[in-house]
Amino acid sequence: MPNNSNLLSKEKTQKQNRIWVRIASVCNNNCIFCLDSNAHDWTFSDEEEIKKNIKDWFKEGFNNRVIISWWEASINPKFSDYISYAKEVWYNRVQTITNWIMFASEDFCKKVFNAWLEEVTFSMHWHNETLHDYLVGTPGTFKKSLKWLLYIKKHFPNIIINIDIVVNKININYLPDIVKFYMKLGIYEFDILQIIPFGRWFHENRQKLFYKLEDYSNKLSETWKLSKIKWMYMWTNRFPAEAFENFEDLIQDPRKIKSEVMWEWRHHFEPFILSNWNEKQECFPAACDSCFLKQYCNDFIDNQKKKIIDDKQKYFILKWEEFPSNVYEKYGKNKEDFIGFLKNIDKPILNLPKCLGWTWIYETYNDIMEEKSIEDYTEKYINDLYRKKSLRCAECKYNDKCEWIHINFIRSYWFNILNPINNNG
Ligand code: SF4
Ligand code: SF4
């Protein structure tokens, strides 16, 4: 039975009201994998609008966290003012994500920490100078960052420091060593990010950086195992769920897709939704096989061709539950409870794979025809269409036609809930 204490403890963080405030379209690094390089226009966002967003997006009654970022937020001369302003609005936590170039100064550190910056995510992609500096395209960054990281740990012990690592072909073989290196410095929170096909990595450095997950599954597993160490808090971003077989508590919350497609890269996704996929993205189809949004983009096309289910009254509809704790509440704490629940349903079940039931009929995007905005499609996708299979499904005779099961059931009961059916089954 899966040990889901990690999953349930992460759920508390995911239930927070987390908002990302963009304050700079500029960066003082030159990362060879930058996803946003074509959007750097050396401007800062409008002060009034930033403050309005900070104020308007605060939610009464929630644990509120603001992440002041994009792209290198610390360059904005009003960075510390926005931190203070967020505290005046009563955010519980103010965080930033940084390459740390600006933090290499005692005065700057004092200024921002006195303004009440409480958590800093430090982007480090290697554990030595040569390759970190190569990846970030700026000589001297590694030594400086490390020096000031240690300075902050010593002089501002209450500041929460975590590390984000962008995984790519150059560093993936060393990923477990990179994590261990920073653990030795006393850092136990990591955000491991997969590259996605935008910006400089796609246009200039694809050949150097692109890797196939299946070729490095041993290095990924070795890294995921470190998440089991006491005190360790590991988050993952933009990896396809299949990369976490046996480590399902690391699968990213499906709602995170919203921040990618509706906020960060809305300009990529909105035109294709509104044009019924006639206006294709530049990365389609070249990079889809390595992209965690493969289903999001491709399901939109595929589901349009499917038949609409007319009489839903006839079925029990297996709906998504927003959090694993909701899944447990409704279906029970372990997979046997869930399977027992399904067996007791007295009508055919929609959205269930063959190995868990007999109907094998799924809802589609077209079930709600009026959906055309990116918000509506994204909600529909996350709530109904975001289904996943196990790597073992390749052995199943229904693999080609199956549409698997909603990702939150996989997160709750793990991939081994699915049982490949062989030719005798
Ligand atoms: S799935 Fe394909 S089209 Fe969609 S963002 Fe990824 S690479 Fe681009
Ligand atoms: S094992 Fe996989 S492919 Fe086979 S029915 Fe179950 S989910 Fe579908």
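What you are looking at is a predicted structure, and each value in this text was computed from that prediction instead of being measured.

About the thresholds
- The residue numbers shown here count from 1 along each chain, following its written sequence.
- Labels follow written order: the first chain is A, the first ligand is 1, and so on.
- Whole-chain, interface and lining totals are the exception, using all residues; otherwise, since this is a predicted model, local features are given only for residues with pLDDT of at least 70 and side-chain atom pairs are given and counted only at 80 or more.
- Side-chain descriptors were evaluated using all non-hydrogen atoms of the structure, hydrogens and water having been removed beforehand.
- Burial classes: relative accessible area under 20% of the type maximum marks a residue as buried, over 50% as exposed, and values in between as partly exposed (1.4 Å probe, protein chains only).
- Each helix corresponds to a stretch of at least 4 residues labelled H or I by DSSP, and each strand to a stretch of at least 2 residues labelled E; elements are numbered beginning at the N terminus.
- In this description, one arc is meant: the one made by directions from the helix axis to the C-beta atoms.
- In what follows, residue pairs with any heavy atoms lying within 4.5 Å of each other are defined as contacts.
- Space inside and on the surface of the protein is sampled on a 1 Å grid over the protein atoms alone, with a cavity defined as a set of points where a 1.4 Å probe fits but cannot get out and a pocket as an open set with protein on both sides within 12 Å along at least 5 of 7 lines; lining residues have an atom within 4 Å of a point.
- Grid points are joined across faces, edges and corners, and a volume is the space filled by probe spheres set on the points.
- Only Asp, Glu, Lys and Arg are considered charged in this grouping, and only Ala, Val, Leu, Ile, Met, Phe, Trp, Tyr, Cys and Pro are considered nonpolar; every other residue, Gly among them, is considered polar.
- An automatic or database domain assignment supplies the residue ranges for each domain.
- Two parts lose some accessible area (1.4 Å probe) when they are put together, and adding that loss for both gives the buried area.
- When a carboxyl oxygen of Asp or Glu is within 4 Å of a side-chain nitrogen of Lys or Arg, the pair counts as a salt bridge.
- Polar contact criterion, stated in full: a pair of N or O atoms within 3.5 Å, where within protein one must be able to donate a hydrogen and the other to accept it, and residues adjacent in sequence count only if both atoms are side-chain atoms.
- What makes two strands pair is DSSP finding at least two bridges between them.
- Fitted lines through C-alpha atoms serve as axes, helices being fitted only where they are in contact, and the angles separating the N-to-C directions of these axes extend from 0 to 180 degrees.

Draft legend 1. Quick look at helix H12 (residues 266-274). For H12, every residue scored as buried is listed here: His 268, Phe 269, Phe 272 and Ile 273. The buried residues of H12 occupy an angular sector of 110 degrees when projected down its axis, which confines them to one face. Facing away from the buried side of H12 by over 90 degrees, the exposed positions are His 267 and Leu 274. Buried residues in H12 make contact with helix H11 (256-264), helix H13 (294-304) and helix H16 (374-385). Backbone geometry just after H12 places Asn 276 at a positive phi near 55 degrees.

Draft legend 2. Highlighting the environment of Ser 221. Its location among the elements puts Ser 221 in helix H10 (residues 217-225). In sequence terms Ser 221 and Asp 311 are 90 residues apart; their C-alpha atoms lie 44 Å from each other.

Draft legend 3. Just the layout of surface pockets, in detail. The calculated volume of the second largest pocket comes to roughly 1,200 Å³. If you go around the second largest pocket, you meet 44 residues; those closest to its centre are Pro 240, Glu 242, Asp 289, Lys 294 and Lys 388. Secondary structure elements with two or more residues in the lining of the second largest pocket: helix H8 (199-203), H10, H13 and strand E12 (387-388). Sorting elements by how many residues they give to the lining of the second largest pocket places H13 first, with 6 residues. Residues belonging to the lining of the second largest pocket are distributed by class as follows: 20 nonpolar, 9 polar and 15 charged. When residues of the lining of the second largest pocket are sorted by domain, at least three fall in each of domain 1 (5-251) and domain 2 (253-425).

Draft legend 4. The arrangement of the domain arrangement of the protein chain in detail. On domain assignment, one finds that the protein chain holds domain 1 (5-251) and domain 2 (253-425). For domain 1 versus domain 2, the distance between C-alpha centres works out to 29 Å. Listed as interface residues are 29 residues of domain 1 and, on the opposing side, 33 residues of domain 2. Summed over both partners, the interface of domain 1 with domain 2 comes to about 3,100 Å²; 64% of that surface belongs to carbon and sulfur atoms. At the boundary of domain 1 and domain 2, one finds 3 salt bridges. At the junction of domain 1 with domain 2, the criterion picks out 8 residue pairs in polar contact (both at pLDDT 80 or more). Those elements giving two or more residues to the side of domain 1 that touches domain 2 turn out to be helix H1 (5-14), strand E1 (17-22) and H8. A total of 4 residues in the side of domain 1 that touches domain 2 trace back to one element, the largest contributor, which is H1. Taken together, the residues of the side of domain 1 that touches domain 2 sort by class into 15 nonpolar, 5 polar and 9 charged.

Draft legend 5. Geometry of the sheet that holds strand E6 (residues 119-123). Taken in spatial order, the 7 strands of this open sheet run E1-E4-E5-E6-E7-E8-E9, and their pairing is parallel. Since the sheet does not close on itself, it has two edges, and those belong to E1 and strand E9 (233-237), each with one partner. Pairwise comparison of adjacent strand axes, ignoring direction, gives a mean angle of 20 degrees for this sheet. Bridge analysis of E1 against strand E4 (residues 64-69) gives 6 bridges, and the strand direction is parallel. Following the sheet pairing, Arg 18 is matched in E4 by Arg 65. Along the sheet, H1 contacts E1 and E9; its crossing angle with E9, the most-contacted strand, is approximately 65 degrees.

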